[in-house]
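Residue-level listing of the chains:
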Amino acid sequence: MVPLSYYLLLSGILFACGVLGFLIKRNIITIFMSIELMLNGVNLSFVAFAAHWHMMGNLNALSGQVFVFFVMVVAAAEAAVGLAIIIAVFRTRETLNVDQVNLLKL
Amino acid sequence: MLHLILFLFFGTLCVAGAINLLAQSHPINSALSLIVVMASLAAEYLLLGAEFVAAVQVIVYAGAIMVLFIFVIMLLNAGQEERTKGSRIAILFGIPGVLIGAVLTAWTLLHHASALAVPIGVLPGGPHEVARLLFHEFLLPFEITSVLILIAIMGAVVLASRPEAVAKRHDDEQPRTMPELVGAGKEH
Amino acid sequence: MTITTFIVISIIKSIAVIAVLLTAVAYSVWLERKVSARIQNRWGPTRVGPFGLLQPLADGAKFIFKEDLTQPHVYRPLYIAAPIIALVFAITSISVVPFGNSLYIPETQVGSWFTIPEIDTPFQITDLNIGLLVILGITSMGVYGIALAGWSSNSKYSLLGGLRASAQMISYEVSLGLSLIPVLIKSGSFSLRAIVEAQQHLHWNFWYGPVWWAPLGALAFFTYLISAYAETNRTPFDLPEAESELVAGYHTEYSAMKFAMFFMAEYANMVTVACLATLLFFGGWLGPVFGPQLLQMVLPIFWFCLKVFFFMFLYVWVRWTLPRFRYDQLMAFGWKVLLPLAVANIVVTSLIVAWRA
């Protein structure tokens, strides 16, 4: 029997690490991975609440699990398009450091 | 008791993977730590009873999206070792942000701990239940996300294609002149 | 059944299954060498033991004693971890595969102080109700062994071979998963035991399909088989490790024990694919069962092993008969032919099932 707040705490820690990575890191790909980490933390929160609501007897409880699918789909689409953009940027700028991709003109 | 031990074990793996993602300088190590995070999250979903979500997490997230990330890291091969310069704004907002987040989570933990306990495997997370919801109540979002994936595929293909390939197609469409034929025609 | 009995039985089952799997992997190498030799009109291993049956032992000893070269400029952690990853994920997927019916041992007295409690376990390490998804997930994770091996070897041939192999594997994973959906529509569950039990009375998924007059099960079977051949990097889809093109591709820089681990991982994947093909399309352990109680428990395992042996033989037969695809032909085939076929199969099967309901 694990309290619900433990799951939310874990989800919050993952989300906070994702935000930290997004702000601190300089490599574009690592920034994208921090975004994925944030989405994963949120997924855990969805499923934990779905379990809690199901235990409380709510009829709409399982929607939490289903919503995780939509989050995963959006994350997949965003990862695909984002990585394609990274490849396109890399072809012209020859660098993956976001500090050097700060001018519209080369 | 077993539930708590398993939750703490996989939770520690998650947090260790997340912190390792921040601490490593080579992006391939960060990618591998993220795979560890996703696998331990799948175990956490299993502990909550959402087995279908756990399987899909392993297949889609850890088995396809992270492979995509690793492909790009291997292909570009330019993020050898990143030199972090340390942005001042990030430190200015980041460290107080982390402290506020830590205080909030500690308050949540102490205040609400023993009230709501979730037993092990409580969700009916089998494929039948998820499918019943996905194809009845959530049918419209399901169809819209399939269109979204189609758009993402087309966008990724267009964005990642080489500009020379596009230019070559334009070259092929222009008429080719053959000088010797023109010369022969002029002589006639 | 008490908890200690359950744990002890599970440990015994796991050890037995892994031991049998590793022996099967070793002897599938022997099978390949013998069958390929006969196809090429020569003898194959005949010296070591009768019919060369002890050849895998000699090969194992050779791999242990070979010099373990490690190139200086490899990325050391991943270089060592990649074959372990490949082997671990190749062996793990056997944990949800059922081999037969239940094992029932009544309570017996051994000696004067020890009684074996009543045992009633299925011939399967664990029967998850998402068993098929677990196998698909482990197959998806097996791509990492190859991708990381190619990258960490720090060599042009390895990187190119690794990238090609991983791209091929993730492309054919899609049609692999989609081709199994008509089987799931007919069986109604992801649990492998339930899928086999839906094929009783000769309603094998290979010829029965959703209705008897629509052989969509055969189409699903051939789509699955071709995707699985591409997934395990076997000819005609083995360009990533072809000797003449890429100097052994992603395992160029590996020697001795690490190369042996890649080798074993490839054959363990082949065994998993063969097991899945028999479970999903050919009725698993179903076959004529007769005789006393002990024979009735052992005969299903015998039928299962016979069918798996047939699929391993088919693997070797196809390898030494067909030439290899070029890489762009391979990818075009996967995305432009197999994927639409699998999706069309799903649509037609579900239309038939919905129309009959």
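Visitor: How would you summarise the overall build of chain B if you had to cite specific residues and measurements?
Guide: Scanning chain B for helices and strands turns up eight helices and one strand. Listed N to C, the secondary structure of chain B is α-α-α-α-β-α-α-α-α in terms of helices and strands. Counting all 188 residues of chain B, 30% fall into the buried class. Looking at chain B alone, contacts between residues at least 24 apart form 61% of all its contacts between residues at least 6 apart.

Visitor: Give me the interface of chain A and chain B: which residues, what numbers.
Guide: With 60 residues of chain A at the contact, the number on the chain B side is 68 residues. Of all elements in the fold, only strand E1 (2-3), helix H1 (4-24), helix H2 (28-56) and helix H3 (63-93) of chain A reach the threshold of two or more residues within the side of chain A that touches chain B. With 21 residues, H3(A) is the largest single contributor of residues to the side of chain A that touches chain B. Of the residues assigned to the side of chain A that touches chain B, the class counts are 45 nonpolar, twelve polar and three charged.

Visitor: Which residues make up the interface of chain B and chain C, and what are the values?
Guide: Taken together, the 14 residues of chain B in the interface contact 16 residues of chain C. Per element, the largest residue contribution to the side of chain B that touches chain C is twelve residues, and it comes from helix H3 (residues 51-76) of chain B.

Visitor: Would you mind going over helix H5 (residues 127-136) of chain B in detail, with residue names and values included?
Guide: For the α-helix, the turn length of 3.6 residues means that residues three or four positions removed from each other point alike. Among all positions in H5(B), only Pro127(B), Val130(B) and Leu134(B) are buried. The arc enclosing the buried residues of H5(B), seen along the axis, measures out at 70°, which places them on a common side. When the buried face of H5(B) is taken as reference, the exposed residues oriented beyond 90 degrees from it are Arg132(B) and His136(B). Buried residues in H5(B) make contact with H3 of chain A together with H3 and helix H6 (139-160) of chain B.

Visitor: Help me get a handle on the confidence of the model for chain A, residues and values and all.
Guide: Summing up the model confidence of chain A, the mean pLDDT is 89 and the portion of residues at 70 or higher is 100%. Across chain A, the element-wise mean pLDDT spans from 84 in E1(A) up to 92 in H2(A).

Visitor: Before we move on, can you summarise the packing of H3(B) against helix H6 (residues 156-179) of chain C with the specific residues and values?
Guide: Look at H3(B) against H6(C): their axes get within 12 Å of each other, and the N-to-C directions meet at 155°. Here H3(B) is positioned roughly antiparallel relative to H6(C), judged by the angle of their axes. Between H3(B) and H6(C) the crossing geometry is left-handed. Mapping the contact onto sequence places Ala64(B), Val67(B), Phe71(B) and Met74(B) in H3(B) and Leu159(C), Leu163(C), Ser166(C) and Ile170(C) in H6(C). Across the contact of H3(B) with H6(C), the residue classes break down as seven nonpolar, one polar and no charged.

Visitor: Please provide a residue-by-residue account of the arrangement of the chains, values included.
Guide: Highest in contacts among the two pairs of chains that touch are chains A and B. These two, chain A and chain C, are apart from each other, with no contact and a minimum C-alpha gap of 14 Å.

Visitor: An account of the nonpolar core is requested, with residue identities and associated values reported.
Guide: Of all hydrophobic cores here, the largest spans 168 residues; its most connected members are Val47(A), Ala31(B), Met38(B), Met66(B), Ala86(C) and Ala277(C). Apart from residues no more than four positions distant in its own chain, Met66(B) is found in contact with Ala31(B), Leu34(B), Ile35(B), Met38(B) and Tyr61(B).

Visitor: Could you give an account of the environment of Pro122(C), naming the residues involved and the relevant values?
Guide: Residues and elements named next belong to chain C. One can find proline 122 in strand E4 (residues 119-123). In sequence terms proline 122 and tyrosine 104 are 18 residues apart; their C-alpha atoms lie 8.6 Å from each other. Excluding anything up to four places from it in sequence, proline 122 contacts Pro98, Ser102, Asp127 and Arg193.

Visitor: I'd like to hear about the packing of H3(B) against helix H4 (residues 131-141) of chain C, residue by residue, with values.
Guide: Viewed as axis vectors pointing N to C, H3(B) and H4(C) meet at an angle of 15°, and their least axial separation amounts to 9 Å. Between H3(B) and H4(C), the angle is such that the two are roughly parallel. Along this stretch, H3(B) crosses H4(C), giving a crossing that reads as left-handed. Taking contact as the criterion, the partners of Ala55(B), Val58(B), Ile59(B), Ala62(B), Gly63(B) and Ala64(B) in H3(B) are, on H4(C), Leu133(C), Val134(C), Leu136(C), Gly137(C), Ser140(C) and Met141(C). Here the residues of the contact of H3(B) with H4(C) are counted per class, giving nine nonpolar, three polar and no charged.

Definitions and limits used
Residues numbered from 1 in each chain as written. Chains lettered and ligands numbered in written order. Predicted model: local features only at pLDDT ≥ 70, side-chain atom pairs only at ≥ 80, totals over all residues. Helix = DSSP H or I, 4+ residues; strand = E, 2+ residues; numbered from the N terminus. Buried ≥ 20, exposed ≤ 12 C-beta atoms within 10 Å, placed from the backbone. Contact = placed C-beta atoms within 7 Å. Nonpolar A, V, L, I, M, F, W, Y, C, P; charged D, E, K, R; others polar. Arc of directions from axis to C-beta. pLDDT = per-residue confidence, 0-100. Axes fitted to C-alpha atoms, helices over the stretch in contact; angles between N-to-C directions. Parallel < 35°, antiparallel > 145°, perpendicular 65-115°, else oblique. Left-handed = near helix turned anticlockwise from the far one by under 90°. Core = buried A, V, L, I, M, F, W, Y, C linked by C-beta atoms within 7 Å.

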